[in-house]
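Residues per chain, in single letters:
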Amino acid sequence: MLALQGAFREHREVLDALGVDAVELRRPEGLGGLDALVIPGGESTTMQRLLDTSGLRAPLQEAIADGLRVLGTCAGLIVLARSVLDGRADQQPLGAIDLVARRNAYGRQRDSFEAALEVDGLAGGPFPGVFIRAPVIESVGDAVEVRAEHNGRPVLARQGRVWVTTFHPEIAGDLRVHELFLQDVA
Ligand code: GLN
């Protein structure tokens, strides 16, 4: 897990439950030994600033280009996007997945909500999607495969080895989205 900021401990609990040897990434030196990386929810502006100050930005971009598998949830999705709307002026995403994300797009009344999501490739019924100040995916490029939608908008998508969710699978009490991602890693 990228452990600069945000909900990485919650991801660790899920990964522990799945028997994954999860480690916390804070410095470029840690990148070498990873099979996959989770970028958690949190605050994307802060996370991006810490990517710069830790020196992780360029090596991480390189590792993703070299095929590192990544799951970005909520703020993690914003960090991985090609472009971000309603971000801070200096907010530079990594450009690892061809989509446009709009921050905090659900507005105040719907700051947080839950929705049952039909996820393509997930057996066992709908997945409990927990949305917390979630971004909206405004558009995706042709190479992006949408696996779940809510109100006609993509909420789970992948492009090659980069997976993203606008919701928080790590606090759903349901391991299946992480399992889906990890199957892809195997
Ligand atoms: N609104 C946050 C951001 O823009 C994301 C919220 C979250 O990760 N729960 O970074």
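This text goes with the structure placed above it.
Quick caveat, the model's predicted, so the values are computed rather than measured. As a convention, each chain's residues are numbered from 1 in the sequence order in which they are written. A pLDDT threshold of at least 70 governs which residues receive local features in this predicted model, and a stricter bar of 80 or more applies before side-chain atom pairs are shown or counted, although totals over entire chains, interfaces and linings include all residues. Side-chain descriptors were evaluated using all non-hydrogen atoms of the structure, hydrogens and water having been removed beforehand.

Colleague: I'm lost on the nonpolar core in this one. Help?
Modeller: Side chains of a nonpolar character, in soluble globular proteins, are inclined to be buried together. The term nonpolar core refers to a set of buried residues drawn from Ala, Val, Leu, Ile, Met, Phe, Trp, Tyr and Cys, joined through side-chain atoms within 4.5 Å. For the exposure calls, accessible area comes from a 1.4 Å probe over protein chains only, and a residue counts as buried if that area is under 20% of its type's maximum, exposed if over 50%, partly exposed in between. Residues Leu 2 and Leu 80 are the most contacted members of the largest nonpolar core, which totals 32 residues. What counts as a helix is a DSSP run of H or I of at least four residues, what counts as a strand is a run of E of at least two, and both are numbered from the N terminus. Put simply, the parts of the chain that give this core at least two residues each are strand S1 (36-39), helix H2 (44-53), helix H3 (57-65), helix H4 (75-80), strand S3 (81-85), strand S4 (97-102) and strand S10 (162-165). No other element matches H4, which puts five residues into this core. The residues contacting Leu 2, other than those within four sequence positions of it, are Phe 8, Leu 25, Leu 37, Val 38, Ile 39, Pro 40, Met 47, Leu 51 and Leu 56. The next biggest cluster of nonpolar side chains, apart from the first, holds 26 residues, and it includes Phe 8, Tyr 106, Leu 180 and Phe 181. Contacts were defined at the residue level, with two residues in contact if any of their heavy atoms lie within 4.5 Å.

Colleague: Before we go on, may I ask you to explain the site of the ligand in this structure?
Modeller: Residue proximity to a molecule or strand is established when one non-hydrogen atom of the residue lies within 4 Å of it. The local shell around the ligand consists of Gly 41, Gly 42, Glu 43, Ser 44, Cys 74, Ala 75, Ile 78, Arg 103, Asn 104, Ile 132, Arg 133 and His 168. A distance of 2.9 Å separates an oxygen atom of the ligand from a polar atom in the backbone of Gly 42. Within 3.5 Å is the distance limit for a polar contact, defined as a pair of N or O atoms, with the added protein rule that one can donate a hydrogen and the other accept it, and that residues adjacent in sequence qualify only through two side-chain atoms. One of the side-chain nitrogen or oxygen atoms of Asn 104 is found 2.6 Å away from a nitrogen atom of the ligand. All accessible areas in this document rest on Shrake-Rupley with a 1.4 Å probe, and a residue is counted as covered only by the protein chains that are shown. When the free accessible area of the ligand is taken as 300 Å², the share hidden by the protein chains comes to 95%.

Colleague: Is there a simple way to explain the sheet that holds S3 in this structure?
Modeller: Paired through backbone hydrogen bonds, the strands of a sheet run either parallel or antiparallel to each other. For two strands to be treated as a pair, DSSP must find at least two bridges joining them. The sheet built from three strands is open, its strands ordered S3-S4-S7 with mixed pairing. Two strands lie at the open edges of the sheet, namely S3 and strand S7 (136-140), each paired on one side alone. The average angle at which neighbouring strand axes cross in this sheet is 25 degrees, direction not considered. Direction of pairing for S4 relative to S7: antiparallel, over a ladder of four bridges. In the sheet register, Arg 102 faces S7, and the bridge partner there is Val 136. Each axis is a line fitted through C-alpha atoms, and for a helix only the stretch in contact is used; angles between axes span 0 to 180 degrees, taken between their N-to-C directions.

Colleague: Looking at this model, I keep getting lost on the pattern of salt bridges. Mind explaining?
Modeller: Side chains that differ in sign of charge can pair as their charged atoms come close. Salt bridges are defined as contacts in which a side-chain nitrogen from Lys or Arg sits within 4 Å of a carboxyl oxygen from Asp or Glu. A full pass over the atoms with the stated rule returns 13 salt bridges. Here Arg 103 ties to Glu 43 by a salt bridge, and the two come within 2.8 Å at their closest N and O atoms. Within this pair, whereas Arg 103 is found in the loop between S4 and strand S5 (112-117), its partner Glu 43 is found in the loop between S1 and H2, the two being separated by 60 residues in sequence. One network of salt bridges, in which partners are shared, links Asp 86, Arg 102, Glu 138 and Arg 153.

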